[in-house]
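What follows is the residue order along each chain.
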Amino acid sequence: MNERAAALLDAAHNRSLYKTLGAELDAAGPELKRAVAGLARARGVDLPDDAETWPGKKLLRRARGLDALAQVRKNPIRRDEAFTCVRCGASVPPHGRSARDHCPFCLAGLHVDGDVPGDRASDCGGLLEPVAVHREKGRWILEYRCQLCGATRRNQVLLDGEPPDDWARVSSLAGAAG
Ligand SMILES: [Zn+2]
Ligand SMILES: [Zn+2]
């Protein structure tokens, strides 16, 4: 199955082939689609969780990573890992549904990402100190400044986690915006 997925993925090297190879993928069924999506992810292509259910043509196009190359990537990379907070020492469990990118207790983060959340492209490693919070499109957004290099970052407040972000701390930052 994986060999067939690799052959299909490698064969789809230009746009005119997506339609025929996509139809082949649709006919082959969900198992091959899962294999193609899994292979693409292993090759570093960021595919959403429901990619296996897409039409074959769309899956191949995205699995080839051409959309990602054509437009500079802006979508966050999902990373949800347990960690020990370097600021308050708390053991922070993974969130489960979203990416846990800051401490729910003291709200601090680490400057490990570049311009794209989750890309781990920065080797700064400085402490991201929350400096403000604001409301945007129905979400609370934490604004950060790196204590080492001064870079600014933003993370979404997570109120549905276990534990959720400390609301008293979040709301105390609400007046500090701007
Ligand atoms: Zn902390
Ligand atoms: Zn930094």
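Residues numbered from 1 in each chain as written. Chains lettered and ligands numbered in written order. Predicted model: local features only at pLDDT ≥ 70, side-chain atom pairs only at ≥ 80, totals over all residues.

> Quick question: what am I supposed to make of the overall build of the protein here?
Along the backbone of the protein there are 6 helices and 6 strands. The linear arrangement of helices and strands in the protein, starting from the amino end, is α-α-α-α-α-β-β-β-β-β-β-α. Burial analysis of the protein (178 residues in total) assigns 23% to the buried set. (Helix = DSSP H or I, 4+ residues; strand = E, 2+ residues; numbered from the N terminus. Buried ≥ 20, exposed ≤ 12 C-beta atoms within 10 Å, placed from the backbone.)

> What's the story with the nonpolar core in this structure? I'm lost.
Within soluble globular proteins, side chains that are nonpolar generally end up buried alongside one another. Ranked by internal contacts, the top residues of the largest apolar core, which has 17 residues, are L8, L9, L25, V36, L59, L60 and A63. Secondary-structure elements contributing two or more residues to this core are α1 (2–11), α2 (15–28), α3 (30–42) and α4 (56–63). In terms of residue count, the dominant contributor to this core is α3 (5 residues). Among all residues touching A63, those that are not within four sequence positions of it are L9, V36, A37, A40, V45 and L47. Residues C103, L128, Y144 and V157 belong to the second largest nonpolar core, which totals 9 residues. (Core = buried A, V, L, I, M, F, W, Y, C linked by C-beta atoms within 7 Å. Contact = placed C-beta atoms within 7 Å.)

> It is not clear to me how the pairing of strand β6 (residues 152–156) should be interpreted in this structure. Could you clarify?
Consecutive side chains along a regular strand alternate between the two faces of the sheet. Only one face of β6 is covered, namely the face carrying R153 and N155; the face carrying T152, R154 and Q156 is uncovered. Bridge analysis of strand β5 (residues 139–146) against β6 gives 5 bridges, and the strand direction is antiparallel. Across the sheet, residue L142 finds its bridge partner in β6, namely N155. In textbook terms, the turn of a hairpin is the stretch between consecutive antiparallel strands, and for β5 and β6 this stretch comprises 5 residues, one of which, G150, has a positive phi near 85 degrees. (Pairing = 2+ DSSP bridges.)

> Sorry, what's going on with the sheet that holds β5 here?
The pairing of strands in a sheet comes from backbone hydrogen bonds and takes either a parallel or an antiparallel form. The strand order across the open sheet formed by 4 strands is β3-β4-β5-β6, and the pairing between neighbours is antiparallel. Either end of the sheet is taken by a strand with one partner, and the two such strands are β3 (109–110) and β6. The strands touched by helix α6 (residues 167–174) are β4 (127–136) and β5; relative to β4, the strand with the most contacts, the crossing angle is about 75 degrees. (Axes fitted to C-alpha atoms, helices over the stretch in contact; angles between N-to-C directions.)

> What's the story with the pairing of β5 in this structure? I'm lost.
One ladder, built from 8 bridges, connects β4 with β5; its direction is antiparallel. Across the sheet, residue E129 finds its bridge partner in β5, namely R145. Between β4 and the antiparallel strand that follows it, β5, lie 2 residues; K137 among them carries a positive phi value of about 50 degrees.

> Hey, could you run me through the confidence of the model for the protein in this one?
As a note on interpretation, predicted positions should not be read in detail where pLDDT is low. Per-chain confidence: the protein averages 85 in pLDDT, with 90% of residues scoring 70 or above. When the elements of the protein are averaged for pLDDT, helix α5 (residues 66–70) gives the smallest value, 46, and β5 the largest, 95. Scored below 50 in pLDDT, residues 67–73 shows 6 contacts in the model against residues more than four places distant or in partner chains. (pLDDT = per-residue confidence, 0-100.)

> I tried to follow the environment of V86 on my own but got confused; where do I start?
Tracing the sequence through the fold places V86 in the loop between β1 (83–84) and β2 (91–92). For the pair V86 and L110, spaced 24 residues apart in sequence, the C-alpha separation works out to 8.3 Å. In this structure V86 touches L110 and L127, once residues within four positions along its chain are discounted.

> Looking at this model, I keep getting lost on unusual backbone geometry. Mind explaining?
The bulk of non-glycine residues show a negative phi, and the bulk of peptide bonds are trans. Between E162 and the following residue, P163, the backbone shows a cis peptide bond with an omega angle of 5 degrees. Here P163 lies in the loop between β6 and α6. Despite not being glycine, K137 shows a phi value in the positive range, around 50 degrees. Taking the C-beta count within 10 Å as the criterion, K137 has 5 such neighbours and is therefore assigned exposed.

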